[in-house]
Each structure stands twice: as C-alpha cells, then as structure tokens.
Amino acid sequence: MPFTIRTKIILGFMASLIFVCVLSMAFGLNIVTLKNKMMVLDEFHGLLDNILEIRRYEKNTILYGYQEKTVEELMDYLQRTKRDISILSQSIGTIEGVDQYNSFKKKFETYRTLMGAGKKRLDSAEVARIRTLGSDMVKFCEGLLVQKRERIDRSLENMVSFSITAVLGFILCVAILFLFEAKSLIKRLKQVTLATRSIPQGRFKTIMEDASKHDEISQLIAGFNQMVRELDEKQEQLVQSRKLASIGTFTSGIAHEINNPLNNISLTADGLLDAFDDLSDTEAREMIQDILIQTSRASNVVKNLLDFSRSDQTHMSRITIPEVISGTLGLIRNQLMVHKIRLTTDIPDNLPAIQGNLHNLEQVFINLFSNAMAAMADGGDIHVSANVQDDGSIRILFKDSGQGISQENLAQIFDPFFTTKAVGQGTGLGLSIVYGIIKKHSGSVAVESGNGQGACFIITLPTAQDEPDAR
Ligand code: ADP
C-alpha cells in the first residue's frame with residue numbers, strides 16, 4: 001500500500017519508539033538475570049566460606065581430638081552447609097552437571113559422618129580420608145566460583161554485544177531505508193526542477209509519474225502537470241489572439257490585396273460589357289481569362305487569411321522554410337510596400353523540411369516583420385536568409401536596417417510584456433510568442449543588435465526526422 005511522506009515519517013518514528021522500548025525491556029531482563037547470577041555467586045562464596053570454616057575445625061580435631069566446647073559450633077556449620085548444598089542443588093547441577101553434584105553431596109555426607117562421629121582420637125586412615133574429602137570439597141567449590149564468574153562475564157559480554165549489534169543494525173536499517181527514500185525523492189524532485197526550468201523556454205512538458213505512488217510529491221507532480229496543460233492551452237490562446245490582432249493590424253493591407261483584383265475584375269468586366277460586340281472571340285476570351293485570374297488572386301488572399309486565423313493548435317507536419325516565408329509574405333506584402341521596405345531574400349528552395357506548425361511559424365515571421373517595420377518608420381531594408389548548418393539544423397537570419405536595440409534592452413526583449421512602444425502601440429508579447437513557438441519547435445532564437453545598427457534575429461530549427469506528423 002502506498003504511503004505518503006508524512007505517514008512514512010510517523011511510521012519511522014513509531015518503529016524507532018518500539019525499537020527503543022524492546023531494547024530497554026531486553027536490557028532490563030538481562031540486568032535481572034545478571035543480578036540473580038550474582039546472588040548465586042554470593043551463595044557459592046558462602047558455601048566455600050562454610051567449608052573453609054569446617055576445615056578449620058577439621059585441623060583442630062585432627063591435632064587435638066574432639067573439643068567438647070566447639071563440637072556444637074562444628075555441628076552447626078555442618079548442618080548449615082548441608083542445607084546450603086541442597087538449596088544450591090539446581091545451580092550446582094546447571095554448572096557441573098547432576099552427577100558431579102551428587103558426587104559432591106556424597107563426599108560431604110561422608111565427611112560429615114566422619115567429622116560428626118565424635119571419636120576422641122582419629123586413626124590415620126580416617127585422618128587421610130577426611131583431609132582428601134575436605135580438600136576435594138574446597139576444590140569443587142572454588143571450581144564452582146570460577147565457572148560462575150566466567151558465566152557472569154560471558155553474560156555481560158553478550159549483553160553489551162547484543163545491545164551494540166541491535167543499535168547498529170537498527171541504525172543501518174534506518175540509514176538504508178532513508179537513503180532509498182531520499183534517492184527516490186531527489187530523483188522525482190529533480191524531474192520537477194528540470195520540467196520547471198523548461199517552462200520559461202516555452203516547453204510545456206508534463207512529468208511521467210508512477211501511478212502507484214500517492215504521496216505529497218505525486219500531488220505536486222499532478223498539480224504541476226495540470227499547470228503545464230493549462231499554460232500550454234493559454235499559450236495557444238495567446239498565439240491565436242496575436243494572430244487575430246495581426247490580421248486587425250494588417251486589415252487595410254489585406255483589404256487592398258482583395259480590392260486590387262476586385263477592381264481589376266470590375267474594370268475588365270465593364271470593358272467586356274461595353275465593347276462586347278466589337279471584340280473578337282479571342283479578345284473576349286482573354287478578358288474572361290483575366291477575370292478568372294483576378295478572382296483566383298482574391299480568393300487566394302481570403303484563403304490565406306482563413307488559414308492563418310484558424311486555430312489549429314500545435315499540429316506539426318513536414319513543412320519547408322520557403323513555404324513559411326511565402327505564406328507570411330502573402331499576408332503582409334502590401335504592408336511592406338506601404339512602409340517603403342525593400343525586402344531581399346536568400347532562401348534556397350532545396351532546404352530540408354522541418355517538423356513544424358505552418359501558421360505558428362508564419363506568426364513568428366509576422367511578428368518579426370511588424371517589429372522591423374516599426375523600427376524603420378521612414379522605410380529601410382529587410383534581408384531574410386536561410387542555410388543548413390554543419391550539424392544539419394537550419395539557420396534563418398532576419399536582418400533589418402532599423403534603429404536597432406540598445407544593450408540594456410537586449411536582455412529583456414523576449415520577456416513577456418516588455419515593450420518600448422507607446423501605450424496602445426505595443427503589448428510586449430510579440431517576441432515572447434516568437435520565443436515560445438521556436439522553443440516548441442525545439443529550436444532557438446537569439447538577437448544581435450546595437451543602437452542605430454539595425455537588428456538581426458537568428459533562428460535555428462532542427463530538420464524533420466523521418467517520423468509521422470504529430471500533434
Ligand atoms: P511589442 O512589439 O509589442 O513592443 P515585442 O515583444 O514584439 O513587443 O518587442 C519587444 C520590444 O523589442 C519592442 O518594444 C522593441 O523595443 C524591441 N524590438 C523588437 N524587434 C525590434 C527590431 N527589429 N528593432 C528594434 N527594436 C526591436
């Protein structure tokens with residue numbers, strides 16, 4: 001089940017809490033066990049002390065025979081030791097094994113019987129037996145103490161190493177999980193950063209996201225994708241409204257383009273009507289032919305206009321730069337004449353095709369022509385050239401002889417709403433749209449200029465790969 005980052009943090013915190021609790025409990029249990037072992041060690045010490053005390057009586061008894069006044073104390077020690085041996089039966093059995101315990105107990109019983117017999121004088125065989133048994137019992141108890149101490153040391157070592165291993169293991173697990181999560185987070189955030197960076201360049205790309213993820217980053221990516229889709233739509237709307245604005249600006253020119261053929265048609269039709277009877281068949285046919293040519297000229301202008309104003313989103317197809325330039329000139333040729341602009345072009349017909357949107361690219365050149373005309377109030381020259389570069393891309397130079405762009409404005413002219421034109425004459429959107437459209441075509445646009453030196457826009461576009469038309 002997918003978790004959000006918040007849930008993961010809470011789960012991590014709870015897991016750490018549970019781990020600390022379990023570790024503390026294990027530690028506490030170990031301490032209790034260790035304390036029990038220390039108590040048993042104390043009891044073994046007590047047993048050894050008792051046996052050593054008995055052996056002191058043993059020495060006196062061997063040297064001087066039974067002393068009436070100490071016999072009661074000896075009996076008391078023997079009784080106490082017997083009781084201790086049976087109380088410690090389980091602890092001794094765990095350390096030495098049941099057989100050893102039984103043999104120790106048996107030795108003690110024999111010793112006790114010999115020592116408690118109350119003989120005035122012990123013979124040498126009894127003395128030797130008592131000494132051997134006494135010494136065996138002391139050795140046995142000392143052995144018990146050594147082993148118990150070793151066991152306690154081992155338990156302590158185990159406890160420390162278990163705690164260290166558990167803490168290190170936990171830290172390692174947390175570190176691995178953290179690294180894994182952080183890596184995936186950073187990777188996804190990097191995608192967002194890259195996609196965000198491409199927005200100012202006019203590339204509105206959505207981010208592919210793993211559908212199984214439902215955390216905060218997924219929400220961020222979903223929001224980002226939504227924003228990108230809306231921006232893309234807005235950009236299209238902007239291009240479209242600029243196109244309509246361009247038509248508005250060029251209305252008089254376009255009207256002229258239509259009026260000319262209409263006038264010609266009218267004149268020719270009048271002439272035909274007036275002199276119909278005097279005209280030979282061939283002359284009349286020529287005049288009708290002329291009317292047809294003028295009609296087709298006018299309908300071409302209208303067709304261009306309709307094509308250009310149509311909202312065709314970003315339908316990409318194989319087109320050529322000469323196609324784009326001639327489509328643009330079809331719309332603004334008359335304006336160039338009115339503004340006394342001399343246009344020269346150097347665009348080879350055999351330029352490779354590009355994958356692009358004809359009307360959007362026409363919009364690019366209409367914007368460039370409009371700006372150039374505005375920069376050459378008293379007329380001037382525009383030169384458009386294109387060539388294929390070494391890397392296969394197409395480079396288009398759009399050069400005018402106008403007032404040029406000052407150094408301080410150069411860095412801003414592609415910014416939306418940057419304009420040096422008077423209020424009502426410029427929106428500051430023309431070049432930002434140029435930038436957006438060219439970026440959408442995976443190309444680049446730059447400008448070179450200086451005050452009074454004219455401006456030169458350099459557009460680079462990749463040529464079409466052999467791929468089907470795409471939207
Ligand atoms: P607008 O034309 O509405 O001002 P643009 O984005 O098309 O908006 O242009 C921004 C600014 O860039 C213009 O106001 C102008 O100062 C400058 N500019 C653009 N093209 C040229 C050019 N060919 N010559 C001189 N200045 C230019």
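Residues numbered from 1 in each chain as written. Predicted model: local features only at pLDDT ≥ 70, side-chain atom pairs only at ≥ 80, totals over all residues. Heavy atoms only, no water.

**Q** Can you break down the environment of Glu73 residue by residue, with the values?
**A** With respect to the secondary-structure elements, Glu73 resides in helix H2 (residues 68-87). Engagement of the side chain of Glu73 in a polar contact is seen with the side chain of Tyr57, the distance being 2.5 Å. (Helix = DSSP H or I, 4+ residues; strand = E, 2+ residues; numbered from the N terminus. Polar contact = N/O pair within 3.5 Å; in protein donor to acceptor, adjacent residues only side chain to side chain.)

**Q** Report on helix H5 (residues 124-198), specifying residues and quantitative values.
**A** Between its first and last C-alpha atoms H5 spans 109 Å; for 75 residues at 1.5 Å apiece the expected length is 111 Å, and the two agree. Among the residues of H5, the N-terminal cap falls to Asp123, whose side-chain oxygen and the backbone nitrogen of Ala125 are separated by 3.1 Å. (Expected span 1.5 Å × (residues − 1).)

**Q** Outline the side chain of Asp84, supporting the account with residue identities and numerical values.
**A** Looking at the element boundaries, Asp84 is found in helix H2. Of the residues examined, Asp84 reaches a relative accessible area of 16% and is grouped as buried. Asp84 has contacts with Leu47 and Asn50, leaving out every residue within four places of it along the chain. (Buried < 20%, exposed > 50% of the residue type's maximum accessible area, 1.4 Å probe, protein only. Contact = heavy atoms within 4.5 Å.)

**Q** If you had to explain the packing of aromatic side chains to someone new, which residues and values would you point to?
**A** Under the counting rule described, the total for this entry stands at seven aromatic pairs. Note on Tyr57 and Tyr77: the rings are 5.9 Å apart at their centroids and 45 degrees apart in plane angle, and the pair reads as tilted. Taken together, the residues Tyr57 in helix H1 (residues 5-64) and Tyr77 in helix H2 connect sequence positions 20 residues apart. Across the pair, exposure class does not vary: Tyr57 and Tyr77 are buried alike. Pairing Phe365 with Phe398 gives two aromatic rings, centres 6.4 Å apart and planes at 45 degrees, and the pair type is tilted. A residue pair is termed long-range when its members are at least 10 positions apart, and Phe365 in helix H10 (residues 358-375) and Phe398 in strand S5 (residues 394-400) qualify at 33 residues. Exposure remark for Phe365: the relative accessible area of 2% places this residue in the buried category. Taking the relative accessible area as the measure of exposure, Phe398 reaches 1% and is therefore buried. (Phe/Tyr/Trp six-rings, centres within 6.5 Å; stacked < 30°, edge-to-face > 60°.)

**Q** Describe helix H4 (residues 98-115), with residues and values.
**A** Relative to the 26 Å expected for 18 residues at 1.5 Å per residue, H4 spans 25 Å between its end C-alpha atoms, a close match to the ideal helical length. The complete set of buried residues in H4 reads Tyr101, Phe104, Phe108, Tyr111, Leu114 and Met115. Projected down its long axis, H4 shows its buried positions confined to an angular sector of 155 degrees, all on one face. Exposed residues pointing more than 90 degrees away from the buried face of H4 are listed as Val98, Asp99, Lys106 and Thr113. The secondary structure elements touched by the buried residues of H4 are H1, H2, helix H3 (89-96) and H5. (Arc of directions from axis to C-beta.)

**Q** Explain the confidence of the model for the chain to me, using residue names and the numbers behind them.
**A** Of the residues in the chain, 97% reach a pLDDT of 70 or more, and the chain-wide mean stands at 89. Contacts of residues 467-471 to residues separated by more than four positions or lying in other chains number 16 contacts, the stretch itself having pLDDT below 50. (pLDDT = per-residue confidence, 0-100.)

**Q** Could you give an account of the sheet that holds strand S7 (residues 455-461), with specific residues and numbers?
**A** Read across the sheet, five strands follow the order S2-S4-S5-S7-S6 without closing on themselves; strand pairing throughout is mixed. Each end of this open sheet is capped by a strand with a single partner; those strands are strand S2 (341-346) and strand S6 (444-449). In this sheet, adjacent strand axes meet at a mean angle of 15 degrees when their direction is disregarded. Of the pairings in the sheet, the one linking S2 to strand S4 (residues 380-388) comprises six bridges and is parallel in character. Counted as the bridge partner of Arg342 is Asp381 from S4. Across the face of the sheet, helix H9 (residues 321-338) comes into contact with S2, S4, S5 and S7 while running at roughly 170 degrees to S2. This element, helix H12 (residues 430-440), spans S6 and S7 of the sheet and lies at about 140 degrees to S6. (Pairing = 2+ DSSP bridges. Axes fitted to C-alpha atoms, helices over the stretch in contact; angles between N-to-C directions.)

**Q** I'd like to hear about unusual backbone geometry, residue by residue, with values.
**A** In this structure, Lys340 is a non-glycine residue whose phi angle is positive, near 55 degrees. Looking at the secondary structure, you find Lys340 in the loop between H9 and S2. Within the chain, Ser442 stands out as a residue other than glycine whose phi angle is a positive 60 degrees. Residue placement: Ser442 occurs in the loop between H12 and S6.

**Q** Please provide a residue-by-residue account of the site of the ligand, values included.
**A** Near the ligand, the surroundings consist of 19 residues, among which Asp400, Thr419, Thr420, Lys421 and Thr427 are the closest. Within the backbone of Gly430, one N or O atom sits 3.4 Å away from an oxygen atom of the ligand. Taking a 2 Å distance to the grid points as the criterion, the majority of the atoms of the ligand fall inside the largest pocket. Put simply, the parts of the chain that give the shell around the ligand at least two residues each are H10, H12 and S7. When residues of the shell around the ligand are assigned to their parent elements, the largest contribution, three residues, is made by H10. When grouped by side-chain class, the residues that make up the shell around the ligand number nine nonpolar, eight polar and two charged. (Near = heavy atom within 4 Å. 1 Å grid on protein atoms, 1.4 Å probe; cavity = no way out; pocket = protein on both sides within 12 Å on 5 of 7 lines; lining within 4 Å. Sits in = over half its atoms within 2 Å of the grid points. Nonpolar A, V, L, I, M, F, W, Y, C, P; charged D, E, K, R; others polar.)

**Q** Explain the layout of surface pockets to me, and be specific about the residues and the numbers.
**A** Space left empty within the atom packing is revealed by a probe, the size of a water molecule, rolled over the atoms. For the largest pocket, the calculated volume is near 990 Å³. Lining of the largest pocket is provided by 40 residues; of these, Ser370, Asn371, Ala374, Thr419 and Lys421 occupy positions nearest its centre. When contributions to the lining of the largest pocket are tallied by element, the ones reaching two or more residues are helix H6 (216-249), H10, S5, H12 and S7. When residues of the lining of the largest pocket are assigned to their parent elements, the largest contribution, nine residues, is made by H10. Of the residues assigned to the lining of the largest pocket, the class counts are 16 nonpolar, 21 polar and three charged. (Points joined across faces, edges and corners; volume = space filled by probe spheres on them.)

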